[in-house]
Amino acid sequence: MKKKHLTIVARILVKEEHRESVKAELLKLLDVTRAEEGNISYDLHQDNENPNLFLFHERWVNQEYLQKHSQSAHFVQFQKATEGKLEDFTVHKMTEIEN
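This report concerns the structure included in the present document. Please read all numbers here as calculations on a predicted model, not as lab measurements. (Residues numbered from 1 in each chain as written. Predicted model: local features only at pLDDT ≥ 70, side-chain atom pairs only at ≥ 80, totals over all residues. Heavy atoms only, no water.)

### Some thoughts on the overall build of the protein chain
Link 1 in the chain: Counting its secondary structure elements, the protein chain contains three helices and four strands.
Link 2 in the chain: Ordering the α and β elements of the protein chain from the N terminus gives β-α-β-β-α-α-β.
Link 3 in the chain: Principal-axis analysis of the C-alpha atoms gives the protein chain an extent of 50 × 30 × 20 Å.
Link 4 in the chain: Relative to its full complement of 99 residues, the protein chain shows a buried share of 32%.
Link 5 in the chain: Partitioning the contacts of the protein chain with sequence separation of at least 6, the portion at a separation of at least 24 is 70%.
Link 6 in the chain: Entry remark: accessible area of the protein chain is about 6,400 Å², with carbon and sulfur atoms responsible for 50%.
Link 7 in the chain: Put simply, the protein chain has 14 plus and 17 minus side-chain charges, and the middle of one group is 4 Å from the middle of the other. (Helix = DSSP H or I, 4+ residues; strand = E, 2+ residues; numbered from the N terminus. Buried < 20%, exposed > 50% of the residue type's maximum accessible area, 1.4 Å probe, protein only. Contact = heavy atoms within 4.5 Å. Areas by Shrake-Rupley, 256 points an atom, 1.4 Å probe, with all protein chains shown as cover. Lys, Arg positive; Asp, Glu negative; His and termini not counted. Charge placed at Lys NZ, Arg CZ, Asp CG, Glu CD.)

Structure, rendered in structure tokens:
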């Protein structure tokens, strides 16, 4: 039986005037988060038609590791650095469906 991991799709809509500074903050998260215990993948995408829209596609071993990530120093720093610069930040917690 395949082990079920937690998949996260985080949708981040940035205020246009803050796009480049927020993008820089998002990029800072990549290597440190990928090195976290319990992280399987952590990929950042930018929409081709709306450059203010970013998506993270993440895979975690389980909810506990995601919780640790959300309390990590680098994620807390990201939240402080981007405060007031986002239009929307929506997180979808998902589980892969097997056929």
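### Some words on the layout of surface pockets
Link 1 in the chain: There is about 210 Å³ of room inside the largest pocket.
Link 2 in the chain: Looking at the largest pocket, it is lined by 14 residues, and the ones nearest its centre are L66, H69, S70, F75 and V91.
Link 3 in the chain: A total of five residues in the lining of the largest pocket trace back to one element, the largest contributor, which is helix 2 (residues 63–70).
Link 4 in the chain: Per-class residue counts for the lining of the largest pocket are eight nonpolar, four polar and two charged. (1 Å grid on protein atoms, 1.4 Å probe; cavity = no way out; pocket = protein on both sides within 12 Å on 5 of 7 lines; lining within 4 Å. Points joined across faces, edges and corners; volume = space filled by probe spheres on them. Nonpolar A, V, L, I, M, F, W, Y, C, P; charged D, E, K, R; others polar.)

### Focus on helix 2
Link 1 in the chain: Regarding helix 2, the residues found buried are Y65, L66 and H69. Down the axis of helix 2, the smallest arc covering the buried residues is 100 degrees, so these residues share one side. The exposed set on the far side of helix 2, more than 90 degrees from its buried face, consists of E64 and K68.
Link 2 in the chain: The inward-facing, buried residues of helix 2 contact strand 1 (6–14), helix 1 (19–34), strand 2 (39–46), strand 3 (53–60), helix 3 (73–81) and strand 4 (86–95). (Arc of directions from axis to C-beta.)

### So, the side chain of H69
Link 1 in the chain: For H69, the position within the fold is in helix 2.
Link 2 in the chain: In contact with H69, not counting residues within four places along its chain, are T33, E36, Y42, W60, H74 and F75.

### Quick notes on the nonpolar core
Link 1 in the chain: Membership of the largest hydrophobic core comes to 17 residues, with the highest contact counts inside it found for I8, I12, L26, L29, Y42, F56 and W60.
Link 2 in the chain: For this core, the secondary-structure elements that each account for two or more residues are strand 1, helix 1, strand 3, helix 2 and helix 3. (Core = buried A, V, L, I, M, F, W, Y, C linked by side-chain atoms within 4.5 Å.)

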